[in-house]
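Here's the letter readout for the chains.
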Amino acid sequence: MGVFVSKGGTGTLFQLLNIATKELPSSEELMLQVHALLAKVGPKDRKFGVKARLSGALNVTMTFIKQNLQNPKVLLPCLQVLRVYCTNSVNAVSLGKNGAVELLFKIVAPYSKKISSLPKVALDALGSVLKSKTNARRAVDGGFVLVLLSLYVDWHRNDTRHRHMLIRKGLLVCLRNVINIKLGRKAFLDADGMKILYNTSTECLPVRTLDPLVNTSSLIMRKCFPKNRLPLPTIRSSFNYQLPHVPAAGPVAQLYSLSPGVDDVVDESDDNDETEADTDTENEENEKDDGNTNDDIETDLNKLHPQRKLTGSFEELRFYERFFLELSGDLHSSSSSSACAGPIIVPTAQPPQHVSPPPAPLTALDLDSIHLTEDQNQGSSEGLDQDLGRVSLEEGGASIRHILGEICARRGGGGASTWGSDCGSEGAEDEPGEGAVLEVPDTALLLPLHDPDLYVEMVKGTKSVPQYAEVAYPDYFGHVAPTFREPLLERVYGVQRSKIFQDIERLIHPNDIVDKVVYDLDVPTCPVIENNGESLRFNSQFESGNLRKAVQVRKHEYDLILNSDINTNHYHQWFYFEVSNMRVGTLYRFNIINCEKSNSQSNYGMQVLMYSVQEAIRGRPCWVRTGSDICYYKNHFARSSLSTGGVKGKSYFTLTFSASFSHKDDVCYFAYHYPYTYSTLKMHLRKLEALRTPQIYLRQDVLCETLGGNVCPLITITAMPGSSSTDNIYQLRNRPLIFLSARVHPGETNASWVMKGTMEFLMGSSLLAVSLREAFIFKIVPMLNPDGVINGNHRCSLSGEDLNRQWQSPHPELHPTIYHTKNLLQYLAHIQRAPLVFCDYHGHSRKKNVFMYGCSLKETVWQSNISASSTELQEDLGYRTLPKILSQIAPAFSLSSCSFVVERSKESTARVVVWREMGVQRSYTMESTLCGCDQGKYKSLQIGTRELEEMGAQFCVALLRLKRITGLFNHQHLVDMETEIMGSHICTTTYVLEEDEPDFLEAVDYSAESNDDDIEPENEPGTDVPENTDQCNKDDSAEKSDDGEMNVKREAGQTE
Ligand SMILES: [Zn+2]
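Nothing here was measured: the structure is a model prediction, and the numbers come from that model.

J.: Could you give me a rundown of the overall build of the protein, with the residues and numbers involved?
T.: Looking only at helices and strands, the protein features 39 helices and 20 strands. Sequence separation of 24 or more characterises 80% of the internal contacts of the protein that already satisfy a separation of 6 or more. A total accessible area of about 40,000 Å² is found for the protein, and carbon and sulfur atoms account for 52% of it.

J.: Give a description of the confidence of the model for the protein that names residues and reports values.
T.: Of all residues in the protein, 77% have pLDDT values of 70 or greater, and the mean over the chain is 81. Across residues 419–437 the pLDDT falls below 50, and counting only partners more than four positions away or on other chains, this stretch makes 47 contacts in the model. Contacts of residues 999–1054 to residues separated by more than four positions or lying in other chains number 152 contacts, the stretch itself having pLDDT below 50.

J.: Run through the packing of helix H3 (residues 28–41) against helix H5 (residues 57–67), naming residues and quoting values.
T.: In the contact formed by H3 and H5, the axes pass within 12 Å of each other and the chain directions differ by 120 degrees. On the basis of their axis angle, the class for H3 and H5 is oblique. Where H3 crosses over H5, the two elements pack in a sense that is left-handed. Facing Glu28, Met31, Leu32 and His35 of H3, the residues of H5 in contact are Val60, Thr61 and Phe64. Its residues assigned to classes, the contact of H3 with H5 comprises four nonpolar, two polar and one charged.

J.: How would you summarise the nonpolar core if you had to cite specific residues and measurements?
T.: The tendency in soluble globular proteins is for nonpolar side chains to be buried side by side. In this structure, Phe538, Phe590, Phe670, Met926 and Phe955 are the most contacted members of the largest nonpolar core, which totals 131 residues. Here this core gets 11 residues from one element, more than from any other, and that element is helix H37 (residues 945–967). If near-sequence neighbours (up to four positions away) are discounted, Met926 is found in contact with Val754, Cys839, Asp840, Tyr841, His842, Val850, Phe851, Met852, Leu886, Phe893, Met951 and Phe955. With 84 residues, the next largest nonpolar core counts Ala57, Leu79, Ala139 and Cys224 among its residues.

J.: Which residues make up the UniProt feature "active site" (unreviewed entry) in the protein, and what are the values?
T.: Per the UniProt entry, the sites bearing "active site" (unreviewed entry) are Glu927 in this numbering. By secondary structure assignment, the location of Glu927 is in strand S20 (residues 922–929).

J.: Which residues make up the sheet that holds strand S17 (residues 777–781), and what values do they have?
T.: Read from one edge to the other, the open sheet built from seven strands follows the order S14-S15-S17-S16-S18-S20-S19, with strand pairing classed as mixed. The open sheet has two free edges, formed respectively by strand S14 (696–705) and strand S19 (850–853), since each of these has just one partner strand. With strand direction ignored, the average angle separating the axes of adjacent strands in the sheet is 20 degrees. Pairing of S19 with S20 involves four bridges; the strand directions are antiparallel. Residue pairing across strands places Phe851 opposite Glu927, the latter belonging to S20. In the packing of helix H33 (residues 816–830) onto the sheet, the strands contacted are S14, strand S15 (711–719), strand S16 (737–742), S17 and strand S18 (837–844), and the crossing angle to S14 comes to about 130 degrees.

J.: Can you tell me about the side chain of Ser928, naming the residues and giving the values?
T.: Structurally, the position occupied by Ser928 is in strand S20. When near neighbours in sequence (up to four residues on either side) are disregarded, Ser928 contacts Asn750, Val754, His842, Gly843, His844, Asn849, Val850 and Leu948.

J.: Would you mind going over the side chain of Asn135 in detail, with residue names and values included?
T.: Along the chain, Asn135 falls in helix H10 (residues 133–141). Polar side-chain contacts of Asn135 include one of 2.6 Å to the side chain of Arg138. Excluding anything up to four places from it in sequence, Asn135 contacts Ala92, Val93, Gly96, Val101, Val129 and Leu130.

J.: Give a description of the sheet that holds strand S10 (residues 623–626) that names residues and reports values.
T.: Spatial ordering of the open sheet is given by S4-S7-S13-S9-S10, a layout of five strands whose pairing is antiparallel. Both outer strands of the open sheet, strand S4 (537–539) and S10, are each paired with one neighbouring strand and no more. When strand polarity is set aside, the average angle formed by the axes of neighbouring strands in this sheet is 30 degrees. In this structure, strand S9 (residues 608–612) lies alongside S10, joined through four bridges in antiparallel fashion. Among the inter-strand pairings, Tyr611 is bridged to a residue of S10, identified as Trp623.

J.: Give a detailed account of helix H24 (residues 452–460), specifying residues and quantitative values.
T.: Among the nine residues that make up H24, seven are buried, leaving the element largely enclosed by the rest of the structure. Here H24 has its buried residues at Pro452, Leu454, Tyr455, Val456, Met458, Val459 and Lys460. Taking the backbone nitrogen of Asp453 as reference, a side-chain oxygen 3.0 Å away marks Asp451 as the first, capping residue of H24.

J.: Quick one: what's the story with helix H7 (residues 89–97), residue by residue and with numbers?
T.: With seven of its nine residues buried, H7 lies for the most part within the structure. Along H7, the positions that sit buried rather than exposed are Ser89, Val90, Asn91, Ala92, Val93, Leu95 and Gly96. Tucked inside the fold, the buried residues of H7 contact helix H4 (48–54), H5, helix H6 (72–86), helix H8 (100–107), helix H9 (118–129) and H10. Residue Asn88 occupies the N-cap position of H7, its side-chain oxygen lying 2.8 Å from the main-chain nitrogen of Val90. Where H7 terminates, the next one or two residues include Gly99, which has phi positive at roughly 90 degrees.

J.: Kindly report on the state of the cysteines, identifying the contributing residues and their values.
T.: For the structure on display, the rule yields zero disulfides. Cysteine Cys933 shares no disulfide, and the gap to the nearest cysteine sulfur, in Cys931, comes to 8.8 Å.

J.: Can you lay out the pairing of S15 for me, pointing to particular residues and giving the numbers?
T.: Most of S15 sits out of view: eight of its nine residues are buried. Taken together, the nine bridges between S14 and S15 define a ladder with antiparallel strand orientation. Bridging from a neighbouring strand, Arg699 pairs with Thr716 of S15. Taking the residues between adjacent antiparallel strands as the criterion, S14 and S15 are bridged by five residues, where Gly709 takes a positive phi near 85 degrees.

J.: Now, about the pattern of salt bridges: what can you tell me, with residues and values included?
T.: Evaluation of the coordinates by the stated rule reveals 36 salt bridges. With its nearest N and O atoms 2.9 Å apart, the salt bridge here joins Asp211 to Arg497. With a gap of 286 residues between them, Asp211 in helix H15 (residues 211–224) and Arg497 in helix H26 (residues 495–508) connect regions that are remote in the sequence. Summarising the burial analysis for this pair, Asp211 and Arg497 share the class buried. Arg911 is the partner of Glu903 in a salt bridge, and the nearest nitrogen-oxygen pair spans 3.0 Å. Several salt bridges share partner residues, and in doing so they unite Asp503, Arg506, Arg554, Glu557, Asp559 and Arg589 into one network.

J.: An account of the packing of aromatic side chains is requested, with residue identities and associated values reported.
T.: Ring pairs (aromatic) are described by centroid distance and by the angle formed between their planes. Taken as a whole and assessed by the stated rule, the structure comprises 38 aromatic pairs. Judged by centre distance (5.3 Å) and plane angle (20 degrees), the rings of Phe324 and Tyr827 are stacked. Of this pair, Phe324 sits in the loop between helix H18 (314–317) and helix H19 (325–328) while Tyr827 sits in helix H33, and the two are 503 residues apart along the sequence. The same class applies to Phe324 and to Tyr827, which are both buried. Plain terms: the ring middles of Tyr558 and Phe590 are 6.3 Å apart, the flat faces sit at 25 degrees to each other, and that makes the pair stacked. In this pair, Tyr558 sits in strand S6 (residues 557–561) while Phe590 sits in strand S8 (residues 588–595), placing the two residues 32 residues apart along the sequence. Grouping residues by exposure puts Tyr558 and Phe590 together as buried. Every member of this aromatic cluster is reached through a ring pair, and the members are Phe538, Tyr558, Phe575, Phe577, Tyr588, Phe590, Phe657, Phe661, Phe670 and Tyr672. Sitting over the ring of Tyr493, Arg208 keeps its end group 3.7 Å from the ring centre. One cation-aromatic arrangement involves Lys963 over Phe776; the distance from NZ or CZ to the ring centre is 6.0 Å.

J.: If you had to explain unusual backbone geometry to someone new, which residues and values would you point to?
T.: For Asp515, which is not glycine, the phi torsion reads 55 degrees and is therefore positive. When you line up the elements, Asp515 lands in the loop between H26 and strand S3 (516–520). We classify Asp515 as exposed; its relative accessible area is 57%. Of note, Tyr571 is a non-glycine position whose phi angle comes to about 70 degrees, a positive value.

Definitions and cut-offs
The residue numbering used here restarts from 1 in each chain and proceeds along that chain's sequence as written. Totals for whole chains, interfaces and linings use all residues, but because this is a predicted model, local features are given only for residues with pLDDT of at least 70 and pairs of side-chain atoms are given and counted only at 80 or more. Each side-chain value is worked out from all heavy atoms of the structure, with water and hydrogens disregarded. To qualify as a helix, a DSSP run of H or I must reach at least 4 residues; to qualify as a strand, a run of E must reach at least 2; elements of each kind are numbered from the N terminus. For this analysis, residues touch if any pair of their heavy atoms sits within 4.5 Å. Note on areas: these come from Shrake-Rupley sampling with a 1.4 Å probe, and a residue is covered only by the protein chains present in the view. On a range of 0 to 100, pLDDT expresses the predictor's confidence in each residue. Fitting a line to C-alpha atoms yields each axis, with helices limited to the stretch in contact; the angle taken between N-to-C directions then spans 0 to 180 degrees. Relative orientations are named as follows: roughly parallel for angles under 35 degrees, roughly antiparallel for angles over 145 degrees, roughly perpendicular for angles from 65 to 115 degrees, and oblique for any other angle. The crossing is said to be left-handed when, going from far helix to near helix, the turn is anticlockwise and less than a right angle, and right-handed when the turn is clockwise. Only Asp, Glu, Lys and Arg are considered charged, only Ala, Val, Leu, Ile, Met, Phe, Trp, Tyr, Cys and Pro nonpolar, and every remaining residue, Gly among them, polar. By convention a nonpolar core is built from buried Ala, Val, Leu, Ile, Met, Phe, Trp, Tyr and Cys residues, the set being connected through side-chain atoms within 4.5 Å. We call a residue buried when its accessible area falls under 20% of the maximum for its residue type, exposed when it is over 50%, and partly exposed in between, using a 1.4 Å probe and counting protein chains only. UniProt positions are given in the numbering used here, feature names are shortened, and annotations may be inferred rather than shown by experiment. The pairing criterion is simple: DSSP has to find at least two bridges between the two strands. Two N or O atoms count as a polar contact when they lie within 3.5 Å, although within protein this holds only if one can serve as hydrogen donor and the other as acceptor, and sequence-adjacent residues are included solely when both atoms are side-chain atoms. Throughout, disulfides are identified as pairs of cysteine sulfur atoms within 2.5 Å of each other. When a carboxyl oxygen of Asp or Glu lies within 4 Å of a side-chain nitrogen of Lys or Arg, that pair is called a salt bridge. Centres within 6.5 Å make a pair out of two Phe, Tyr or Trp rings, where for Trp the six-membered ring is used; the pair is then stacked when the planes are under 30 degrees apart, edge-to-face when over 60, and tilted otherwise. Our definition puts a charge over a ring when NZ of Lys or CZ of Arg is within 6 Å of the ring centre and also within 35 degrees of the ring normal.

Written as structure tokens, this is what we have:
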């Protein structure tokens, strides 16, 4: 057959067909024979459709079919040929014009006892024809939606032994294609299609072999489900933060420049597909690009060579000298800072009046401030001065007033503990529990860095935009990592489907819906409290809290809406809220309905976290993975193009989980991941001081103040010199620097737990820790985005921007933490002390394990199509060593997930800028999973704080090994040495896309895009994707999308 096709046999057959038609009367027998042959050849010839059209065969076959409608023997081969014609989109349009839709509907028949294969073949052809929007429109105009539904019900009722599932499926595929146009959806709803498909599907549910019917029905119902509006007045954050300066072209200006009348919750984006009937592709088919080339890869060789690009004058950078006292060897002055019990931070870069108590008057500092004064006089650091000056405005005062006013004020009914030394532990006094007295669990031994009283002290100095007056119990009590294993949740077959059906029932049985708002941040009297009610109570008005609204949907089901990051209208993912007034043993369903990402690890074993206060006071203060029936899918809430950056027709996603509670009068908390607040960081830093020994050099500086008036700490850890001998001092000053940072993205709390592990390990007494301190000077900015963390943001700072996209040109006023951190690094580059390793800790929401992104010229070039000479590609391979060591010693770390490709979209991240501008070869982002591991010792387990902290410690151990490998040789030999020890330098990592999860059994439409792989992006004008062209070798190409293929939409770079 292949030979027949390759020798041009198909063309000969078409010629024969033409000859046969010209004989009058046409030779029926010859026509039949040729069609029978064509039916066999068609599926093997990729160009069959084009050849048929060019030879004029389409009309010949159509005419022949019309003449033989009552002759099944003739009809069958002709329909088989027609079916192949139609898989070509241009043919489908052309056949539609010639009446193919109406013709095929004449052949598709109701159920009858005697069933030939005609209806099945006709339905296949019809399904392909209806992929064309013009033809779908014809079907709607002809009233065929009603016909399809009636036929489907007829077959459903009569085919009791399920022998003709393919016919039933064929009918649904036709419907599915018709409802791709808006008129089709309207016709479907008018014909009561929702109820019909809902009822038939419910009857099919018990029979597993009918799953394809249920799945396709579910897809159709979801597409036709009228788009709902999120029940919000606006999608802008409930909180407003007035920026000191709003750049005209920035996101905040855009956000607030909308005229008051504009509804930003929904827009007309679902209504713009009316022109679709004319947009069918009539061009010659062009092969679709495989999609394997990634146009995000940097191909500009100039940008791929790290070049020191030092902005600003050295005079300006000398300001940062004060943060590197150890380099000048002035250790006595700095060590005295430890004696200072009050502030965590001494010395400081700020004018002294902003810190209380002021730093001890040290010689080194005095000298520094002289430099500062000089700088100011020269006006060379104007932006910086402005920034620091602003800090001295009233915010500090306001906060203190706030503390005095709010202290001990309790909100009735809520569970959160209010701060104040005299009421910190009586939160549940007015809620008699099961006889338990609320006592602070004694965790001092288990949690050496935790202290509830100190935590409350820290909270008092934390400034939030909503001026939170409460402390959440988990942060107050602390979290002790449980000793039991927490396996990845096994996905139960059919969970998603049943959840989706429950959602559809809202439309089918509207009377069952309660629709009662029980919590609303946008209403001043929030939360709505009902003393005798049976509804759950919600609260999230505490540090890092994020819940905007809770709506009771059914008796035990709640829709939850997350707040947008401040000064933005989206970025919903992180959540942290409190629940009370629960019934013991009742299973509650929670739906977070305004998620944005198109997929989630919630579909691959990740559970949410729950903390029970009753459990805590019984001696088990811990966050535990919880939730059953978890899944993540596209829902029917419309997302306006204002929040998507202009893309229309998008919907939100639902994260649903069910949970039950085991204690009466409990107060429980749910979180996306283990919370780690800014106040927690301050507490941990304070407690780290206590670990100091005379051999440890630890200094804590204020790098700068944030927009919200919080300080950004900078930590220095190294070893005190063995003596004050010149040799020892020289050794200290020449230790390589390691620069670490974390938590630029507030929702990635795991990064903070890793950082805690790093800092605690570095302050430890182990021999390894001693060696590390003697080997390196550690500079750590543990929280690059305190404001985002405090205010419950997921990704941004108060400027409404992703701070990890600001490294190229950070604004001193709007991005102070990035601005000053970058200057620290530039200062180091200036004095020829650029760090040996730079690493920014992050969390990854869509992949498992811990892994790194680095920067490699070669690996970037290999992944792209650009050609370069070998001299252009010379590169130190040292960047590979650290990840390689980590994969050997850290159980959660996976080398195969690492990538060293430089992407254009990442060119303003810390990793790329520090590599390119500061010339740091080993510049990394370290991504820790939010979910769990699929390799190594923790395979099949969800990740916990113990594993995250261990990762932070192992990172340090790896640095020591790096030092041992590299330390023996001078730099020239380093490259060879590393590659020799670490193995072949030829091995390249694969360029890893954002997601690499395998399909799961229930490959239903968890993301509506997933099943539309043959359909254009919904409602996007002008982006018609060429329809399946000449893919004849798949007999049933229309079915592929429903039965097991999951075409996960890959979103580029939203993690780092
Ligand atoms: Zn991140």
